[in-house]
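Spelled out from the first residue to the last, the chains are:
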Amino acid sequence: MKKIICSALLVSCMVFAMTACGSKKAAKTGGDAKSGNITVGFSQVGAESDWRTANSTSMKETFSEKNGYTLIFDDAQQKQENQIKAIRNFIQQEVDYIVLAPVTETGWDTVLKEAKDAGIPVIIVDRMVKVSDDSLYTAWVGSNFELEGKKAAAWLKAYLDKTGRGDEEINIVDIQGTIGASAQIGRTKGLEDACKENKNWNLLAKETGEFTQSKGQEVMESLLKKHKDDIDVVYCENDNEAFGAIDAITAAGKTVGTGKDDILVMSFDSTKTGLTDVKDGKIILDTECNPLHGPRVEEIIKALENGETPEKQQYVDEEIFAAVKDVESVNADGKDYDVTVVDDKVIKGRAY
Ligand code: AHR
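Residues numbered from 1 in each chain as written. Predicted model: local features only at pLDDT ≥ 70, side-chain atom pairs only at ≥ 80, totals over all residues. Heavy atoms only, no water.

Under the annotation held in an unreviewed UniProt entry, the chain carries the name ABC transporter substrate-binding protein and is attributed to Jutongia huaianensis. Quoted verbatim from the Subcellular location (unreviewed entry) field of the UniProt record, the comment on the chain reads "Cell envelope". Its UniProt record, at the heading Sequence similarities (unreviewed entry), says of the chain: "Belongs to the bacterial solute-binding protein 2 family." (UniProt positions renumbered as here; feature names shortened; annotations may be inferred.)

Given two aromatic rings, their pairing is described by the distance between the two centres and the angle made by the two planes. In this structure the tally under the stated criterion is five aromatic pairs. Residues Phe-42 and Phe-73 carry aromatic rings whose centres are separated by 5.6 Å and whose planes lie at 70° to one another, so their mutual orientation is edge-to-face. With Phe-42 in strand 1 (residues 38-44) and Phe-73 in strand 2 (residues 69-75), this residue pair connects regions lying 31 residues apart in the sequence. On the basis of relative accessible area, Phe-73 is assigned to the partly exposed category, the value being 27%. Ring plane angle 10° and centroid distance 4.8 Å describe the contact between Trp-155 and Tyr-159, whose orientation is recorded as stacked. Of this pair, Trp-155 and Tyr-159 are both found in helix 6 (residues 145-162), four residues apart, which corresponds to roughly one turn of the helix. (Phe/Tyr/Trp six-rings, centres within 6.5 Å; stacked < 30°, edge-to-face > 60°. Helix = DSSP H or I, 4+ residues; strand = E, 2+ residues; numbered from the N terminus. Buried < 20%, exposed > 50% of the residue type's maximum accessible area, 1.4 Å probe, protein only.)

Our next topic: helix 9 (residues 239-251). The first and last C-alpha atoms of helix 9 sit 18 Å apart over 13 residues, in line with the 18 Å expected at 1.5 Å per residue. With ten of 13 residues buried, helix 9 lies mostly within the body of the structure. Between the side-chain oxygen at the start of helix 9 and the backbone nitrogen of Asn-240 there is a gap of 3.3 Å, and the oxygen is on Asn-238. Gly-253 sits one or two positions beyond helix 9 and adopts a positive phi of about 80°. (Expected span 1.5 Å × (residues − 1). Polar contact = N/O pair within 3.5 Å; in protein donor to acceptor, adjacent residues only side chain to side chain.)

Rendered as structure tokens:
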């Protein structure tokens with residue numbers, strides 16, 4: 001009788017444990033089977049920008065022990081080979097989920113196939129991957145980078161028209177992001193398409209600033225030497241490049257702003273520091289790219305844990321911030337977007 005009661009108790013305990021943790025984890029031998037936490041391996045691009053730091057913080061805060069996760073965070077230092085290595089390590093460690101913020105779009109087929117064969121769902125975040133088979137990843141959440149570029153170009157057009165410069169020859173230089181990254185591809189395309197449409201816009205140069213302040217400064221220094229007094233607009237593909245470009249412009253004895261001889265600085269990200277430069281009139285337009293992806297990725301993981309199918313691709317809503325009030329809204333892809341003029345309240349309310 002004693003034996004029967006003991007076995008019944010043992011079976012109930014096992015059933016309870018399996019229900020509480022989900023049968024998948026009860027059967028797991030690797031990952032963090034001991035704590036019962038959900039293990040997430042996150043391959044982050046690097047720490048090249050303020051945006052990236054905010055993105056890493058969002059992921060770390062969301063996938064914390066207190067929230068029931070064990071996060072394995074890997075900083076790839078902007079190198080795809082490091083990301084591939086990290087993913088292989090995650091597979092070996094039998095993590096429950098792999099989250100990848102890819103440095104560039106291509107080159108992922110083999111390693112994502114390895115993750116798929118190991119039965120580990122892969123969630124892509126921020127930039128996109130271009131793979132031959134979409135089933136190699138489970139879901140993606142990030143920005144519509146081409147739309148960001150279109151919004152920025154639409155604002156420039158409206159601003160020049162409004163300020164009586166619509167027919168002037170406008171010389172533009174593009175400090176691009178990391179070549180091959182979705183953020184670079186989309187933002188560059190937005191500008192290039194606008195230059196084709198506006199015959200008086202001359203794209204004097206495009207060169208990568210690798211999304212960093214130091215490279216942004218270096219590129220701007222060389223562009224100023226090459227194009228002397230000809231540059232009207234510098235289109236920086238993120239805030240850190242804009243900070244570097246502004247330093248280079250002022251060091252060369254030139255000015256940024258909206259005056260006749262000033263260089264107009266455009267940027268992307270809308271970090272707190274970026275928006276402070278907008279408020280101070282150094283950056284004329286900052287098109288938002290939202291880095292707070294932690295909760296969004298968690299929603300996808302929760303859906304998967306509940307046996308649901310998350311949306312395959314989700315775009316994040318993003319705003320536009322300007323230093324001046326000449327343009328109230330812009331139209332891109334048939335939709336109107338309000339432009340917010342930056343003041344102290346906007347900066348105070350900024351989370352990153
Ligand atoms: O992919 C998003 C881009 O990457 C952000 O604009 C930039 O700051 C980051 O490094």
